[in-house]
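Working through the structure, step by step
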Amino acid sequence: MRIADVLRTKGSTVATVEPGTTVTQLLGALAEHNVGALVVIGPDGTVVGIVSERDVVRQLRERGAELLSGTVAEIMTAAVVTCTPEDTVDNLTVLMTERRIRHVPVLVDGRLAGIVSIGDVVKSRISQLEEDHEHLQAYIAQG
């Protein structure tokens, strides 16, 4: 299964934020969209980072409440791991596990086309396993 298949099922809408957004505003956006990460988009519309709940928690521990008035640019991950619609779910699973990341933006020609979370990957894998199970049962029944 390819990432394009996952996006076809879940949609390609992605919640984004700008680098100058305050951490307090970021927290509001995470809650509003009910997501664990937002893609950070620069003025030209390109992906310049990703910021997650985990980033906020780690920085809050170090900086305390002053973090809330800081900007997303101060805490985001700038070296964003991305994928394309042509990548496979299996490859993305390995990548997410090895890099210990939970959200991967999907790019087409350098532009944001979607995002895949670890939950999307797990859901896709379960669906594939169920389909394989049904095919095996049908094969055995025809025996």
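Not measured: the values here are computed from a predicted model. Every chain is numbered on its own, with residues counted from 1 as its sequence reads. In keeping with the model being predicted, local features are shown solely for residues with a pLDDT of at least 70 and side-chain atom pairs are shown and tallied solely at 80 or more, while totals for entire chains, interfaces and linings include all residues. Hydrogens and water molecules were not included; the side-chain quantities draw on all heavy atoms of the structure.

1. Section: the pattern of salt bridges
Any Lys or Arg side-chain nitrogen located within 4 Å of an Asp or Glu carboxyl oxygen qualifies as a salt bridge. Counted by the stated rule, this structure contains five salt bridges. Of the charged contacts in the structure, one is a salt bridge between D120 and K10, with a shortest N-O distance of 2.7 Å. Here D120 is found in helix 6 (residues 118-142), whereas its partner K10 is found in helix 1 (residues 3-10), with 110 residues between them in sequence. In this structure, E74 engages R63 in a salt bridge whose closest nitrogen and oxygen atoms are separated by 2.8 Å. Residue E74 is located in helix 4 (residues 72-75), and its partner R63 is located in helix 3 (residues 53-63); the two are separated by eleven residues in the primary sequence. Only protein chains enter the accessibility calculation, which uses a 1.4 Å probe; a residue is then buried when its area is under 20% of its type maximum, exposed when over 50%, and partly exposed in between. According to the relative accessible area criterion, E74 is partly exposed, its value standing at 44%. On the basis of relative accessible area, R63 is assigned to the partly exposed category, the value being 26%. Several salt bridges converge on common partners, so that one network encompasses R63, E66 and E74. Elements are defined by DSSP. Helices are runs of H or I of four residues or more, strands are runs of E of two residues or more, and each kind is numbered from the N terminus.

2. Notes on the pairing of strand 3 (residues 47-52)
For strand 3, the buried fraction is high: five of the six residues fall into the buried class. Whether two strands pair comes down to DSSP finding at least two bridges between them. Bridge count for strand 2 (residues 37-41) against strand 3 is five bridges, and the pairing is antiparallel. When the bridges of strand 3 are listed, V40 appears paired with G49. Remark: five residues form the turn of the hairpin made by strand 2 and strand 3, two consecutive strands paired antiparallel; G45 in that turn has positive phi of roughly 85°.

3. Some thoughts on a nonpolar patch on the surface
Every patch collects residues that have over 30% relative accessible area and no salt bridge, joining them within 9 Å if they carry like charges and within 5 Å if they are nonpolar side chains (Val, Leu, Ile, Met, Phe, Trp, Tyr). Working definition of accessibility: Shrake-Rupley area with a 1.4 Å probe, residue cover restricted to the visible protein chains. Residues L27, L60 and L68 make up a contiguous nonpolar surface patch of about 210 Å² in total accessible area. Here L60 is to be found in helix 3. By relative accessible area, which is 36% here, L60 ends up partly exposed.

4. Thoughts on the sheet that holds strand 1 (residues 16-17)
Strand order in the open sheet formed by three strands is 1-2-3, with mixed pairing between adjacent strands. The two strands at the open ends of the sheet, each matched to only one other strand, are strand 1 and strand 3. Bridge count between strand 1 and strand 2: two bridges; the pairing is parallel. In the strand pairing of strand 2, V17 is matched with V40.

5. Quick word on the nonpolar core
Core analysis: the biggest nonpolar cluster contains 14 residues, and L26, L38, V51, V72 and I75 have the highest contact counts within it. Of all the secondary structure elements, the ones that give two or more residues to this core are helix 2 (23-33), strand 2 and helix 4. In this structure V51 touches V17, L26, G36, A37, L38, V40, V72, I75 and M76, once residues within four positions along its chain are discounted. Grouping buried Ala, Val, Leu, Ile, Met, Phe, Trp, Tyr and Cys residues that are joined through side-chain atoms within 4.5 Å yields what is termed a nonpolar core. Grouped together as the second largest cluster of nonpolar side chains are eleven residues, L7, V104, V106 and V121 included. Any pair of residues with heavy atoms lying within 4.5 Å of one another is described as a contacting pair.

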